Amino acid sequence: MRYRLPDIPSDPAIPLSAPLPSLPEACAGQPTVSGDGLRFITLFGSIDWEGRATQAQVQEPSDSCLKEAAIETVRQWRFEAVDPKTEDYWRLGFETTLIYPANDAPRFEMSANDAIKRYPPRYPERCFSKARSVEVVSVTFDVTEDGVTENIESVFSTFPCLTSAAETSIEKWSYARRLINGRSYPRKQVHTEVSFQLADNLTETNRRNIANAFVSVGIALDRKLDARIALEKIAAIEKRFESRLTESERAALLRYRGAAKIDALEYSSALEDLRAALELEKNKTTAKGIENVISQLETALASPDEATPEEPSDIDAQ
């Protein structure tokens, strides 16, 4: 697999020094890609912190006879140095086209990141439970003369569950036309990486799913359904999301489970859950409600002949 090159910035990197050699003798008499005597080769690569062009690769279509000389040429180029202490310095990249007109001096053109439309991938819900906080899919594809992506193929993925979503996303991308001397050319074997990142270890969609699950538990409690129904729902939330719950969501889970255990007359176990919930709860009003119910439980457990605790409605609300 090819080395993954950094993204090309929106504003193209301009070299401070960019010598160009004359047309290599090996190209004399060989057919051109353009068919009109114009020779060109497009290279892309990265820029290290000292401003040197590295990891140069050829973008097809290009004149193959120019390859060795062109790569050696850009290795001599120098860009502005970047402070290696900055977080993004290693992401800097470049793309350039070396042009050798039939009756004119050679020149080069620097390209910006010319994907004019990018659509973020949709994170498949089936992938949530086993995904790490950041997953990456490396993809290759071609771009037609009109800027349409095609021949999309995932060449590497840190989590195969996401490859289809990455490819579907790139199907919707579009590029500006690649113009060289006014003529449009396709791009072959374009490389990119699609990153999937879970916010707070979960996507916003999954956060809503958690909230909806808690609403379902609250309804089961409010309607006085069998306490086992609420406990089963809570167990399902805990099993599915495990340690990915935020602190406030963990507090809510413990709060609801305590309320359900009270309905099931499991007072000692309910007291443990509510004490744990109180340690996590940040909302002062909710915390006060939890304290009241804990006090009732402690009284009931200390005096078994006393009345059972009041219904914990004041701890059920989100």
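This text goes with the structure placed above it.
Residues numbered from 1 in each chain as written. Predicted model: local features only at pLDDT ≥ 70, side-chain atom pairs only at ≥ 80, totals over all residues. Heavy atoms only, no water.

Draft legend 1. Up close: the packing of helix α4 (residues 227–241) against helix α5 (residues 247–263). For the pair α4 and α5, interaxial distance at closest approach is 9 Å and the crossing angle is 155°. With respect to α5, the axis of α4 lies roughly antiparallel. Seen along the crossing, α4 lies across α5 with a hand that is left-handed. Residues Ala-227, Ala-230, Leu-231, Ile-234, Ile-237 and Glu-238 of α4 pack against Arg-250, Leu-253, Tyr-256, Arg-257, Ala-260, Lys-261 and Asp-263 of α5. Tallied by class, the residues present in the contact of α4 with α5 amount to eight nonpolar, no polar and five charged. (Axes fitted to C-alpha atoms, helices over the stretch in contact; angles between N-to-C directions. Helix = DSSP H or I, 4+ residues; strand = E, 2+ residues; numbered from the N terminus. Parallel < 35°, antiparallel > 145°, perpendicular 65-115°, else oblique. Left-handed = near helix turned anticlockwise from the far one by under 90°. Contact = heavy atoms within 4.5 Å. Nonpolar A, V, L, I, M, F, W, Y, C, P; charged D, E, K, R; others polar.)

Draft legend 2. Quick look at the sheet that holds strand β11 (residues 187–197). Strand order in this open sheet of three strands is β7-β6-β11, and the pairing throughout is antiparallel. For this open sheet the edge positions go to β7 (149–157) and β11, each flanked by a neighbour on one side alone. Adjacent strand axes in the sheet meet at a mean angle of 25°, parallel and antiparallel pairs treated alike. Bridging between strand β6 (residues 134–143) and β7 involves six bridges; their strand directions are antiparallel. The residue bridging Val-137 from the neighbouring strand is Ser-157, located in β7. Of the strands in this sheet, β6, β7 and β11 are in contact with helix α2 (residues 163–171), which crosses β7 at around 155°. (Pairing = 2+ DSSP bridges.)

Draft legend 3. Inspection of the packing of aromatic side chains at higher detail. Taken as a whole and assessed by the stated rule, the structure comprises six aromatic pairs. Measuring from centroid to centroid gives 6.3 Å for Phe-141 and Trp-173, while their planes differ by 85°, and the two rings are edge-to-face. Of this pair, Phe-141 sits in strand β6 while Trp-173 is found in the loop between α2 and β8 (174–175), placing the two residues 32 residues apart along the sequence. Like Trp-173, Phe-141 is buried. On the numbers, 6.0 Å between centres and 50° between planes, the contact of Phe-141 with Tyr-175 is tilted. Linking Phe-141 in strand β6 with Tyr-175 in strand β8, this pair joins segments that are 34 residues apart in sequence. Note on accessibility: Phe-141 and Tyr-175 belong to one class, buried. (Phe/Tyr/Trp six-rings, centres within 6.5 Å; stacked < 30°, edge-to-face > 60°. Buried < 20%, exposed > 50% of the residue type's maximum accessible area, 1.4 Å probe, protein only.)

Draft legend 4. Examining the state of the cysteines more closely. Under the criterion given, the structure shown has two disulfides. Linked covalently through their sulfurs, Cys-27 and Cys-65 form a disulfide whose S-S length is 2.1 Å. The chirality of the disulfide connecting Cys-27 with Cys-65 is right-handed, given an S-S dihedral of about 110°. One end of the pair, Cys-27, is in the segment before β1 (39–47); the other, Cys-65, is in the loop between β2 (53–59) and α1 (67–75), with 38 residues separating them in the sequence. With relative accessibility at 1%, the residue Cys-27 sits in the buried group. (Disulfide = S-S within 2.5 Å.)

Draft legend 5. Inspection of the pattern of salt bridges at higher detail. The final tally for this structure, using the stated rule, is twelve salt bridges. Arg-52 is the partner of Asp-48 in a salt bridge, and the nearest nitrogen-oxygen pair spans 2.8 Å. Residue classification places Asp-48 among the buried positions, given a relative accessible area of 17%. Among the residues examined, Arg-52 registers a relative accessible area of 36% and is labelled partly exposed. Between Arg-257 and Asp-273 there is a salt bridge, and its shortest N-O distance comes to 3.0 Å. Here Arg-257 is found in helix α5, whereas its partner Asp-273 is found in helix α6 (residues 267–280), with 16 residues between them in sequence. Taking the relative accessible area as the measure of exposure, Arg-257 reaches 18% and is therefore buried. The class of Asp-273 is buried, set by a relative accessible area of 6%. Residues joined in a network through salt bridges with shared partners are Glu-238, Arg-250, Arg-257, Lys-261 and Asp-273. (Salt bridge = Lys/Arg side-chain N within 4 Å of Asp/Glu carboxyl O.)

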